[in-house]
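What follows is the residue order along each chain.
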Amino acid sequence: MINIARSSRVAMATAVAAVLAGAMGPVHAAAPFAKFQAPGFYRTTLGEFEVTVLNDGTLDLPVSKLLKQPEAKTKAALDKSFLKEPLQTSVNAFLINTGSKLVLIDTGAAGLFGPTAGQLAASLKASGYTPDQVDEIYITHMHSDHVGGLASKDQRVFPNAIVRAGKQDADYYLSQANLDQAKPDAKANFEGPMVSLTPYVKAGKFQPITANGELAPGIRSQFNGGHTVGHISYVVESKGQKLVLLGDLLHVQSVQFDDPNVGIAFDTDSSVAIKERNAAFAAAAKGGYLVGAAHLSFPALGHVRANGKAYQFVPVSYTQPR
């Protein structure tokens, strides 16, 4: 009799467990890691203009081997900012809506730098725009991570846009003679710009920039060389507010704000790039205006504050555009 009672208790416990399990629903395995970010765009206002930063992804860079200073010094600066190598370096472009024109400054790397970039099209779509709405595209310089997004399969990604870039860069990077004479490991430096710009050149949609001046109402070019021979920063102004898009005057914010005199292997002439970087930082600190750059950490906008002989970058806070 005791054994029967015990069997009844076991059976009842099993039945109750089954009922509870059914009430809670089926048991699922742990969800897989998603391993992707939302499309990257950040929007703010500048006077009467609207500025949208578009992220194209990141590039993994061995910055201690690229920066022109002792590797140990670079690694110490990364440690100070809780960073490590390879450094995930943002690739950004900037969309300026002036109210009368939609102007894109740089276009990211697309497929020219591997799978971690190439997200600009998705970011543009998520931000509420389409490629056919872009009226003009201004290129800071013709390295592949700035022009790669212009074309896909030999077709213009931005079918209605005029593309403008420095004449010196165009003469150098779009030269078949320079491509033919380049060493095998340097040919990609020319092939990327050629495949990206040629569809626009053939369509009569490329216009070289030969001098500083206003390109669209409130947007003007500012040659500063050094990184490439025809490197250009772009100055955007509306209703007394100012934004300077520095292009590749800097690459590693955890190093080059503390010491603007550190060059990088990508520079054509680091001595000129260093001079221009120092001048740009000093002007931004004095003027208090916004700066942006392709390789600042997304959203890649902020202010520059003088700190003795060094500088401090103060990134923008997340805000609603108004």
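Residues numbered from 1 in each chain as written. Predicted model: local features only at pLDDT ≥ 70, side-chain atom pairs only at ≥ 80, totals over all residues. Heavy atoms only, no water.

Following the criterion strictly, the structure yields eight aromatic pairs and no others. A centroid spacing of 5.6 Å and a plane angle of 25° characterise the contact between tyrosine 138 and tyrosine 234, whose relative ring orientation is stacked. On the criterion of sequence distance, the pair formed by tyrosine 138 in strand β5 (residues 136-138) and tyrosine 234 in strand β12 (residues 232-238) is long-range, its members being 96 residues apart. Pair check on accessibility: tyrosine 138 and tyrosine 234 agree, each one buried. Geometrically, the ring pair formed by phenylalanine 281 and tyrosine 311 is edge-to-face, given 5.5 Å between the ring centres and 65° between the ring planes. On the criterion of sequence distance, the pair formed by phenylalanine 281 in helix α10 (residues 270-287) and tyrosine 311 in strand β16 (residues 310-315) is long-range, its members being 30 residues apart. Of the two residues examined, phenylalanine 281 and tyrosine 311, each falls in the buried class. (Phe/Tyr/Trp six-rings, centres within 6.5 Å; stacked < 30°, edge-to-face > 60°. Helix = DSSP H or I, 4+ residues; strand = E, 2+ residues; numbered from the N terminus. Buried < 20%, exposed > 50% of the residue type's maximum accessible area, 1.4 Å probe, protein only.)

Below, the discussion takes up the side chain of serine 221. Its place among the elements puts serine 221 in strand β11 (residues 219-223). Looking at serine 221, its side chain comes within polar contact range of the main-chain oxygen of alanine 211, at 3.5 Å. Contacts of serine 221, omitting those with residues within four sequence positions, involve Ile209, Ala211, Asn212, Gly213, Leu215, Ile232, Ser233 and Tyr234. (Polar contact = N/O pair within 3.5 Å; in protein donor to acceptor, adjacent residues only side chain to side chain. Contact = heavy atoms within 4.5 Å.)

We now examine the pairing of strand β4 (residues 102-105). Burial of the side chains of β4 extends over both faces: Leu102 and Leu104 are buried on one face and Val103 and Ile105 on the other. Note that strand β3 (residues 87-97) and β4 share four bridges and pair antiparallel. The residue of β4 that forms the bridge with isoleucine 96 is valine 103. Hairpin remark: β3 followed by β4, antiparallel, with four residues in the connecting loop; positive phi at glycine 99, about 100°. Since β4 and β5 lie parallel, the crossover through helix α4 (residues 120-126) that links them has a hand, and here it is right-handed. (Pairing = 2+ DSSP bridges. Right-handed = clockwise from strand over helix to strand, strands pointing away.)

On to helix α3 (residues 71-80). Of the residues making up α3, those classed as buried are Thr74, Ala77 and Leu78. Projected down its long axis, α3 shows its buried positions confined to an angular sector of 100°, all on one face. Opposite the buried face of α3, at more than 90 degrees from it, the exposed residues are Ala72, Asp79 and Lys80. Contact partners of the buried residues in α3: α2 (63-66), β3 and α9 (253-256). (Arc of directions from axis to C-beta.)

Another point: the pattern of salt bridges. For the structure on display, the rule yields seven salt bridges. Residues glutamate 136 and lysine 101 are paired through a salt bridge, measuring 2.4 Å at the closest nitrogen-oxygen approach. Note that glutamate 136 is positioned in strand β5 and lysine 101 in the loop between β3 and β4, a separation of 35 residues in sequence. Of the charged contacts, one joins glutamate 237 and arginine 220 as a salt bridge, the two residues approaching to 3.8 Å between their closest N and O atoms. Of this pair, glutamate 237 sits in strand β12 while arginine 220 is found in strand β11, placing the two residues 17 residues apart along the sequence. (Salt bridge = Lys/Arg side-chain N within 4 Å of Asp/Glu carboxyl O.)

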